[in-house]
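# Per-entry structural report
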Amino acid sequence: MTYETLEVRVEGPVGWLVFNRPEAGNAVDARMFVELEAAWAELENDHQVRAIVNTGNGHSFQTGLDVRQLANDPEALRASSRQTRDFALRMTSWHCGVTKPVIAAVNGTCAGGGLHFVADADIVIAADDATFLDPHVSVGQVSAFETIGLLKKVPMESVTRMALMGAHERLDAERARQLGLVSEVVGAGELRDRAQTLALRLAEHDPERLRAVKQALWSALESP
């Protein structure tokens, strides 16, 4: 598949899924909706790939739905709304049933729907200039799936505060690490190299064992 909004590549045993709409903060438009599902499937089905790194080009990691673009495309907006209503989103690795370890390497701004990709990654690292926020309430929307997903990683008080404060509440990278939203903070210029190093270390393990560990851990979160 030829991608317009993503960079998808394989470097040895490491697959890379890179958001590539830097001029729009890497926001998800109608085209990216389609490409994300295809990209996750491509990397999942590539037997060479043992681990996947998800990051963004430019100054933002991911800023959620491109509301401006979707507003000008009524059918795309309806499709997005249906996916949300029917619990049928197909954006993140978890949505798409990826069984390989996924590292989110957060560069710059991670906002709104971008938090989906943080909540659904297996390992999250961040550049020291990264920021996290949930502006839904500030733009007349309700935060739901993103913040619910974050409850798997972060104390409820911090998630609630972020959701209710909207654009007034921004977590810097160090605060995100303290809360457990990310496990490591590195210099912005070192982020991709560090993600590559972690992915290569993951790739040293037997893929079936990695798959089994991931399945066990994530299944536990879904159990009563």
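Counting secondary structure elements, the protein contains nine helices and ten strands. Dimensions of the protein along its principal axes, counting C-alpha atoms only, are 45 × 40 × 40 Å. By the burial criterion, 47% of the 224 residues in the protein qualify as buried. Within the protein, residue pairs in contact and separated by at least 24 positions form 73% of the contacts whose partners lie at least 6 positions apart.

So, about the sheet that holds strand β9 (residues 171-172). Strand order in the open sheet formed by four strands is β4-β6-β8-β9, and the pairing between neighbours is mixed. Either end of the sheet is taken by a strand with one partner, and the two such strands are β4 (60-62) and β9. Sheet topology places strand β6 (residues 109-111) next to strand β8 (residues 131-133); three bridges connect them, and they run parallel. Pairing of Ala111 across the sheet is with Leu133, part of β8.

Taken in spatial order, the six strands line up as β1-β2-β3-β5-β7-β10 in an open sheet, and their pairing is mixed. Looking at which strands have only one partner, the edges of the open sheet turn out to be β1 (6-11) and β10 (184-186). The sheet shows a mean angle of 20 degrees between the axes of neighbouring strands, direction not considered. Bridge count for β1 against strand β2 (residues 14-19) is six bridges, and the pairing is antiparallel. Residue pairing across strands places Arg9 opposite Trp16, the latter belonging to β2.

All right, on to the pattern of salt bridges then. Throughout the structure, instances matching the rule amount to twelve salt bridges. A salt bridge links Lys152 to Asp120, with the nearest nitrogen and oxygen atoms 3.4 Å apart. Here the residue Lys152 occupies a position in the loop between α5 (145-150) and α6 (156-165), and Asp120 occupies one in the loop between α4 (114-119) and β7 (123-127), the gap between them amounting to 32 residues. The partner of Glu184 in a salt bridge is Arg194, and the shortest N-O contact between them spans 2.7 Å. Of this pair, Glu184 sits in strand β10 while Arg194 sits in helix α8 (residues 191-203), and the two are ten residues apart along the sequence. Taken together, the shared-partner salt bridges connect Glu4, Arg31 and Glu35 into one network.

Calculation criteria
- Residues numbered from 1 in each chain as written.
- Predicted model: local features only at pLDDT ≥ 70, side-chain atom pairs only at ≥ 80, totals over all residues.
- Heavy atoms only, no water.
- Helix = DSSP H or I, 4+ residues; strand = E, 2+ residues; numbered from the N terminus.
- Buried < 20%, exposed > 50% of the residue type's maximum accessible area, 1.4 Å probe, protein only.
- Contact = heavy atoms within 4.5 Å.
- Pairing = 2+ DSSP bridges.
- Axes fitted to C-alpha atoms, helices over the stretch in contact; angles between N-to-C directions.
- Salt bridge = Lys/Arg side-chain N within 4 Å of Asp/Glu carboxyl O.

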